[in-house]
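Fold and geometry: a report
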Amino acid sequence: MIKKIEHLGIAVKSIEATLPIYETLFSAEFYKEEIVESEGVRTAFIRVGESKIELVEATNEDSPIAKFLSKSKGGFHHVAFEVDDLDAELERLAAEGFQLIHQSPKDGADNKRIAFLHPKSTAGLLVELCQEKNDDNEI
Ligand code: ZN
């Protein structure tokens, strides 16, 4: 079951250069910055009320973010939905005909297991599904 929008992902050329803009815009500070090796990205999160914004920067040329930025100036990139059972949701969505970028959950930023759906099957929206890691679903 999908519970809520967990965060909005914003693709940026440089987190360092972008942080001050968003920190001033939201009058808040980024609380987490980390590298997700498997995706070739560096991420930083900022809380905006009950919501979160994730800045995503490429760490190498093969990163999906590098490809995205080669075709655009950056900006809005993906919506992440929190689910209560990521494996079950991926199974359900695959059975419904959605195209999965990740066939099984991967380690993501902010202590989450994640998987992306291909925008070709979601009318153009890049969808991330995520689930908080805990002892029950640790692989
Ligand atoms: Zn994300």
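Above this text is the structure in question.
Described in the following lines is the structure provided in the data block. Only a predicted model underlies this, so the values are computations on that prediction, with no experimental measurement involved. (Residues numbered from 1 in each chain as written. Predicted model: local features only at pLDDT ≥ 70, side-chain atom pairs only at ≥ 80, totals over all residues. Heavy atoms only, no water.)

Some points on helix H3 (residues 86-95)
Note the threshold: Only protein chains enter the calculation, and the probe is 1.4 Å; a residue is then buried if its accessible area is under 20% of its type maximum, exposed if over 50%, and partly exposed in between. Numbering of helices and strands starts at the N terminus; helices are DSSP runs of H or I of at least 4 residues and strands are runs of E of at least 2. In this description, the arc belongs to the directions extending from the helix axis to the C-beta atoms. Pairs of residues are marked as contacts when any of their non-hydrogen atoms sit within 4.5 Å. Counted as a polar contact is a pair of N or O atoms within 3.5 Å, where, for protein atoms, one must be capable of donating a hydrogen and the other of accepting one, and residues adjacent in sequence contribute only when both atoms are in side chains.
Where H3 is concerned, the buried positions are Leu86, Glu89, Leu90 and Leu93. Buried residues of H3, viewed axially, fall in a sector of 100°; they line one side. In H3, the exposed positions that point more than 90 degrees away from the buried face belong to Glu91 and Ala95. Along its buried surface, H3 packs onto strand S1 (2-11), strand S5 (75-83), strand S7 (112-117) and strand S8 (127-132). The backbone nitrogen of Asp87 lies 3.3 Å from a side-chain oxygen of the residue at the head of H3, namely Asp85. Phi for Gly97, located one or two positions after H3, is positive at around 100°.

With respect to the coordination of the zinc ion
Going by this rule: Water is not part of the atom set, so a site may look incomplete; the donors themselves are N, O and S atoms within 2.8 Å of the metal, or 3.2 Å for Na, K and Ca. Here the metal geometry follows the donor angles, with tetrahedral for four donors whose angles all fall between 85 and 135 degrees, square planar for four and octahedral for six when opposite donors are more than 155 degrees apart and every other angle is between 65 and 115, and irregular for all the rest.
With distances of 2.1 Å, the protein atoms coordinating the zinc ion are His7 (NE2), Glu54 (OE), His78 (NE2) and Glu128 (OE). Around the zinc ion sit four donor atoms, and with donor-metal-donor angles ranging over 86 to 172° the site reads as irregular. Read in sequence order, the donor residues for the zinc ion give the motif H-x46-E-x23-H-x49-E. Taken together, the residues Glu54 in strand S4 (residues 51-58) and Glu128 in strand S8 connect sequence positions 74 residues apart. For Glu54, a relative accessible area of 6% corresponds to the buried category.

Things to note about the environment of Val56
Positionally, Val56 belongs in strand S4. Owing to a relative accessible area of 4%, Val56 belongs among the buried residues under this scheme. Expressed as a C-alpha distance, the spacing of Val56 and Phe116, which sit 60 residues apart in the sequence, is 15 Å. Ignoring anything within four residues of it in the chain, the contact list for Val56 reads Ile10, Ala11, Val12, Val41, Arg42, Thr43, Ile65 and His78.

Regarding the pattern of salt bridges
Pairing of side chains with opposite charge becomes possible as their charged atoms draw close. Note the threshold: Should a side-chain nitrogen of Lys or Arg be within 4 Å of a carboxyl oxygen of Asp or Glu, the pair is scored as a salt bridge.
Scanning the entire structure with this criterion turns up 14 salt bridges. One network of salt bridges, with partners in common, ties together Glu6, Lys32, Lys52, Asp110, Lys112 and Glu132.

Quick notes on the packing of aromatic side chains
Selection rule: Paired rings are identified among Phe, Tyr and Trp, the last through its six-membered ring, by centres lying within 6.5 Å, and are further divided according to the angle between planes into stacked (under 30 degrees), edge-to-face (over 60) and tilted (the rest).
Under the defined criterion, the tally for this structure stands at two aromatic pairs. Here the aromatic rings of Tyr31 and Phe45 are separated by 6.3 Å at their centres, their planes lie at 35°, and the arrangement is tilted. In this pair, Tyr31 is assigned in strand S2 (residues 30-36) and Phe45 in strand S3 (residues 41-48), connecting sequence segments 14 residues apart. The exposure class assigned to Tyr31 is partly exposed, which follows from its relative accessible area of 35%. With relative accessibility at 1%, the residue Phe45 sits in the buried group.

Some words on a nonpolar patch on the surface
How we decide: Within the patch definition used here, like charges are joined within 9 Å and nonpolar side chains (Val, Leu, Ile, Met, Phe, Trp, Tyr) within 5 Å, considering only residues with over 30% relative accessible area and no salt bridge. Computed with the Shrake-Rupley method and a 1.4 Å probe, the accessible areas treat only the protein chains shown as cover for residues.
A surface patch of nonpolar side chains, amounting to about 270 Å² of accessible area, comprises Ile5, Leu8 and Phe76. For Leu8, the location among the structural elements is in strand S1. Among the residues examined, Leu8 registers a relative accessible area of 31% and is labelled partly exposed.

A word on the side chain of Asp110
As for its position among the elements, Asp110 is in the loop between strand S6 (106-107) and S7. Classification of Asp110 as buried rests on a relative accessible area of 8%. Within the structure, the side chain of Asp110 is placed 2.7 Å from the side chain of Lys52, a separation counted as a polar contact.

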